[in-house]
Amino acid sequence: MTASIPISLEVNGERVEASVLPRLNLADFIREHLQLTGTHVGCEHGVCGACTVRVNGDIVRSCLMLAVQAHGGSVQTIEGLSDSGEVADLQGAFRERNALQCGYCTPGMLMAAQDLLKLQAEPSRDEIREHLSGNYCRCTGYQAIIDAVETTAGQRRSRSA
Amino acid sequence: MKAADFAYARAASVEDAVALLATHGDRAKLLSGGQSLLPAMNLRLISPELIIDIGGIAELRGIAMTGNTVRIGALTRHVDVQRSLEIAAHAPLLKEAIIHVAHPAIRNRGTIGGSLAHADPASELPACMLALDADLVVQGKGGERRIAAGDFFQGVFQTALSPDELLTAIELPIPPRNSSFFFHEFTRRHGDYAIAGLAAQSVIEGGIFAHLRLGYFAVGDRPVLADAAKKLIGKMVTPALLSEASEAVGNELDPQDDQQASGVMRRHLAKVLLTRCVATLLSQPELLRVTE
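Residues numbered from 1 in each chain as written. Chains lettered and ligands numbered in written order. Predicted model: local features only at pLDDT ≥ 70, side-chain atom pairs only at ≥ 80, totals over all residues.

Caption draft 1: Region of the structure containing the overall build of chain B. A count of helices and strands for chain B gives eleven helices and 14 strands. Relative to a compact globule of 292 residues, whose C-alpha radius of gyration would be 19 Å, chain B shows 19 Å and is just as compact. Dimensions of chain B, computed from C-alpha atoms along their principal axes, come out at roughly 60 × 45 × 35 Å. Residues counted as buried form 50% of the 292 residues belonging to chain B. In chain B, the proportion of contacts linking residues at least 24 apart, taken out of those at least 6 apart, comes to 60%. (Helix = DSSP H or I, 4+ residues; strand = E, 2+ residues; numbered from the N terminus. Rg over C-alpha atoms; globule rule 2.2 N^0.38 Å. Buried ≥ 20, exposed ≤ 12 C-beta atoms within 10 Å, placed from the backbone. Contact = placed C-beta atoms within 7 Å.)

Rendered as structure tokens:
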């Protein structure tokens, strides 16, 4: 039997100490050990984007990262971004524009969209599409999602002006 | 699916990684960014007994200029290459190619060394290494050696690395100031693996190619440096000459059928890529009529 490995990391601002098997991926660690089930697991091979989280400030696929690789790092999940209010306007725009239906992809979409809006204040529709191209949605046909991200970018610009 | 059980070791240094590889050989796999390895493990295509995590070896990260060379550490992430001012100035081909590698969340973890050592014939970066005439620096028990990109890639997921060696850096000769590049790939959707692609590096003097390297990808079991480029060097490129070079490209490539495209279609696309590449680099749109 493989030995467990001790890890220490920060998740949504809180210190977490755990002992995990090497094969445990970060998505399953977040969901099953920390009960933060906002991070969804879809394809488990990096294609669908449902498990997108932030590690050390960058969005990553949590299904393509081992929990042991997050040792010493800082992880933010959709719960963190939601509770802090960081994506409140984006969530509002998604709701307003019906940019979700079943909601399975939404946490990953919000993660990827917020990442873009931090990098770029005025993204074009093509740039939004490109940044979200690694996140699949099987319900909406994407147009409403792009509308919601575009609207949020506009609102943030007018607030900061 | 989930990866099968494996043992895990963190390598503290290159020497440490080499020692672990020397002990465990083929039973072990190196983990850098994990963006190709972990999907393969999750799909149970491979089940290594030991994962050697080299992600923490700081000396393998970063981009530095040394003399006439740009040196990229093997653990440098795609996003770092994409944003590097040195790469933008001296290897803009690489910057352009990276945009086509998967998606932002993948580029935040994936590393250049991981991509090259993985040696997927459909991936962009190995072909760029051919076009840029890069050397790959590897280290093993016997010390360090340099392998020319043209000798490094040996087949589908096959490289010249021995089981006890790891890729530590990539060295790109700085191209002359007046050089230019071309990059294009055909994919079903942005970020997908290419159906056929071309990474090219050139120097044009007085409307004539003084230097031209054509690195094709997704048209064989490894990236291919097309010999047909030589036909276009040192001569005024006419539609007849381009047509001849295009035939030569078609003859030297041996693309395979898969679920994405037939070999015949890939061969056709390789010719289309050559025409677009030459017409674009020479700013002669009339040459596009050769294949389109």
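Caption draft 2: Representation of the interface of chain A and chain B within the structure. If you look at the interface, chain A gives 24 residues, while chain B gives 26 residues. At the level of secondary structure, the elements contributing two or more residues to the side of chain A that touches chain B comprise β4 (58–61), α4 (106–119) and α5 (125–131) of chain A. No other element matches β4 of chain A, which puts four residues into the side of chain A that touches chain B. Class assignment for the residues of the side of chain A that touches chain B results in nine nonpolar, nine polar and six charged. (Nonpolar A, V, L, I, M, F, W, Y, C, P; charged D, E, K, R; others polar.)

Caption draft 3: Up close: the sheet that holds strand β4 (residues 63–66) of chain B. Residue and element names in this part refer to chain B. Across the sheet, five strands lie side by side as β4-β5-β10-β6-β7; this open sheet has antiparallel pairing. Where the open sheet ends on each side, the last strands, each with one partner, are β4 and β7 (143–148). Strand after strand, the sheet turns through a mean of 25° between neighbouring axes, direction not considered. Relative to the sheet, helix α1 (residues 14–24) contacts β6 (135–140) and β10 (166–173), its axis offset from that of β10 by approximately 125°. (Pairing = 2+ DSSP bridges. Axes fitted to C-alpha atoms, helices over the stretch in contact; angles between N-to-C directions.)

Caption draft 4: The domain arrangement of chain B, seen in detail. In terms of domain boundaries, chain B breaks down into domain 1 (7–53), domain 2 (62–173) and domain 3 (179–290). Centre-to-centre separation of domain 1 of chain B and domain 3 of chain B, based on C-alpha positions: 36 Å. (Domains from an automatic or database assignment.)

Caption draft 5: The arrangement of the packing of helix α10 (residues 239–252) of chain B against helix α11 (residues 263–281) of chain B in detail. Residue and element names in this part refer to chain B. Axis separation between α10 and α11 bottoms out at 9 Å; the angle between their running directions is 145°. The handedness of the crossing between α10 and α11 comes out as right-handed. Together, L242, A245, S246, V249 and G250 of α10 and R267, A270, K271, L274, T275 and V278 of α11 make up the contact between the two elements. Taken together, the residues of the contact of α10 with α11 break down into six nonpolar, three polar and two charged. (Left-handed = near helix turned anticlockwise from the far one by under 90°.)

Caption draft 6: Broad picture of the environment of S84 of chain A. Mapped onto the fold, S84 of chain A is located in the loop between α2 (78–83) and α3 (88–96). For S84 of chain A and N12 of chain A, which are 72 residues apart along the polypeptide, the C-alpha to C-alpha distance reads 9.4 Å.

Caption draft 7: Molecular detail of unusual backbone geometry. The phi dihedral of N98 of chain A is positive, around 55°, even though this residue is not glycine. Take N98 of chain A: it is sitting in the loop between α3 and α4. Phi at F157 of chain B takes a positive value of approximately 60°, unusual for a residue other than glycine. Within the fold, F157 of chain B resides in the loop between β8 (153–155) and β9 (158–159).

Caption draft 8: Seen up close, the nonpolar core. Residue and element names in this part refer to chain B. Core analysis: the biggest nonpolar cluster contains 140 residues, and I52, I54, L93 and C128 have the highest contact counts within it. Counting residues per element, this core draws most heavily on α11, at eight residues. Sequence-distant contacts of I54, defined by excluding residues within four places in its chain, comprise A11, A17, L30, L31, S32, L60, L75 and L166. (Core = buried A, V, L, I, M, F, W, Y, C linked by C-beta atoms within 7 Å.)

Caption draft 9: Fine view of the domain arrangement of chain A. Residue and element names in this part refer to chain A. Per the domain assignment, the segments of chain A are domain 1 (5–81) and domain 2 (87–160). Taking only C-alpha atoms into account, the centre of domain 1 sits 22 Å from that of domain 2. Across the boundary between the two partners, domain 1 contributes 14 residues, which contact 13 residues of domain 2. Among the elements that take part in the side of domain 1 that touches domain 2, strand β3 (residues 52–55) stands out by supplying three residues, more than any other. A breakdown of the residues in the side of domain 1 that touches domain 2 according to their chemical character gives seven nonpolar, six polar and one charged.

Caption draft 10: Quick peek at the confidence of the model for chain B. Looking at chain B, pLDDT values average 96 and 99% of them are 70 or higher. Taken together, the chains of this predicted complex give a pTM of 0.95 and an interface ipTM of 0.96. (pLDDT = per-residue confidence, 0-100.)

Caption draft 11: Here's a closer look at the pairing of strand β3 (residues 50–53) of chain B. All names here are of chain B. The pairing of strand β1 (residues 7–10) with β3 spans four bridges and is classified as parallel. The partner of A7 across the bridge, within β3, is L50. Taken together, strand β2 (residues 28–31), helix α2 (residues 37–42) and β3 form a β-α-β motif whose crossover is right-handed. (Right-handed = clockwise from strand over helix to strand, strands pointing away.)

Caption draft 12: A look at the sheet that holds strand β13 (residues 208–217) of chain B. Residues and elements named next belong to chain B. In space, the four strands of this open sheet follow the order β11-β12-β13-β14, with antiparallel pairing throughout. Looking along the sheet, the strands with just one partner apiece sit at the ends: β11 (179–186) and β14 (224–225). Alignment of β11 against strand β12 (residues 196–205), held across eight bridges, turns out to be antiparallel. Across the sheet, the residue bridging to F183 is A199, located in β12. The strands touched by helix α8 (residues 124–131) are β11, β12, β13 and β14; relative to β13, the strand with the most contacts, the crossing angle is about 155°. Contacts from α11 reach β11, β12 and β13, with the element oriented near 25° to β12.

Caption draft 13: Local environment of the environment of Y216 of chain B. Relative to the elements of secondary structure, Y216 of chain B occurs in strand β13. Excluding anything up to four places from it in sequence, Y216 of chain B contacts A127, L198, P223, V224, A226, L253 and A270 of chain B.

Caption draft 14: Broad picture of α8 of chain B. Burial within α8 of chain B is extensive, with eight of its eight residues counted as buried. At the C-terminal side of α8 of chain B, D133 of chain B shows a positive phi close to 55°.

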